[in-house]
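Report on the structure
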Amino acid sequence: DDLMKHVGTIGERKYVFVKCVKSRTFQNTFGYTHMNFLEDRFGNHFVYKGSKVLSVGHFYGMTATIKSHEEYQGTLQTWLGRPKIEKHLDQDGKVM
């Protein structure tokens, strides 16, 4: 995507409205970690890795800390931490 970019400034808390496009769960010595891959309507890519598992196809409005700006296989990614989910819509746009 020519339009995709990193979002926000590292360390700031920012509101984003995103769709969960993929979710993976990994087991480790502390239990489970969930890696959620998200996109906003502008085509920007976000990753949240932590204790919350998000539903693929659902939309989330959340305030999160911008943890880092990464690039993976040519895709710019904004990594999020400590998300506070304020809005959750299913794939049909119904409030959850």
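Our structure's up above, just so we're on the same page.
A brief look at the structure comes next. As the structure is a computational prediction, the values presented were derived from the model and not from experiment.

1. Quick notes on the overall build of the chain
Tallying secondary structure elements over the chain gives zero helices and five strands in all. In the chain, the succession of helices and strands from N to C terminus is β-β-β-β-β. Its C-alpha radius of gyration of 13 Å places the chain within 12% of the 12 Å reference for a compact globule of 96 residues. Across its three principal directions, the C-alpha atoms of the chain cover 35 × 35 × 25 Å. Buried residues in the chain amount to 41% of all 96 residues. Residue pairs at least 24 apart in sequence account for 56% of intrachain contacts in the chain once pairs closer than 6 positions are excluded. As displayed, the chain offers around 6200 Å² of accessible surface, 51% of which is attributable to carbon and sulfur atoms. Between the mean site of the 14 positive side-chain charges and the mean site of the 10 negative ones, the chain shows a separation of 8 Å.

2. A word on the pairing of strand 5 (residues 75-89)
Here four bridges tie strand 3 (residues 45-50) to strand 5, and the two strands are oriented parallel to one another. Within the sheet, the bridge partner assigned to Tyr48 lies in strand 5 and is Leu80. Hairpin connection between strand 4 (residues 59-72) and strand 5: a loop of two residues separates the two successive antiparallel strands, and Gln73 in this loop has a positive phi of roughly 50 degrees.

3. Considering unusual backbone geometry
Even without being glycine, Gln73 reaches a positive phi, approximately 50 degrees. The topology assignment puts Gln73 in the loop between strand 4 and strand 5. We classify Gln73 as exposed; its relative accessible area is 69%.

4. A closer look at the packing of aromatic side chains
Two aromatic rings are characterised by how far apart their centres lie and by the angle between their planes. Throughout the structure, instances matching the rule amount to one aromatic pair. Cation over ring: Lys22 sits above Phe37, and NZ or CZ is 4.8 Å from the ring centre.

5. Focus on the sheet that holds strand 3
Pairing in this closed barrel of five strands is mixed, and the strands run 1-2-3-5-4 around the ring. This sheet shows a mean twist of 40 degrees between the axes of neighbouring strands, independent of strand direction. Examined bridge by bridge, strand 4 and strand 5 share twelve bridges and lie antiparallel to one another. When the bridges of strand 5 are listed, Thr63 appears paired with Lys84.

What counts, and at which threshold
- Residues numbered from 1 in each chain as written.
- Predicted model: local features only at pLDDT ≥ 70, side-chain atom pairs only at ≥ 80, totals over all residues.
- Heavy atoms only, no water.
- Helix = DSSP H or I, 4+ residues; strand = E, 2+ residues; numbered from the N terminus.
- Rg over C-alpha atoms; globule rule 2.2 N^0.38 Å.
- Buried < 20%, exposed > 50% of the residue type's maximum accessible area, 1.4 Å probe, protein only.
- Contact = heavy atoms within 4.5 Å.
- Areas by Shrake-Rupley, 256 points an atom, 1.4 Å probe, with all protein chains shown as cover.
- Lys, Arg positive; Asp, Glu negative; His and termini not counted.
- Charge placed at Lys NZ, Arg CZ, Asp CG, Glu CD.
- Pairing = 2+ DSSP bridges.
- Phe/Tyr/Trp six-rings, centres within 6.5 Å; stacked < 30°, edge-to-face > 60°.
- Lys NZ or Arg CZ within 6 Å of the ring centre and 35° of its normal.
- Axes fitted to C-alpha atoms, helices over the stretch in contact; angles between N-to-C directions.

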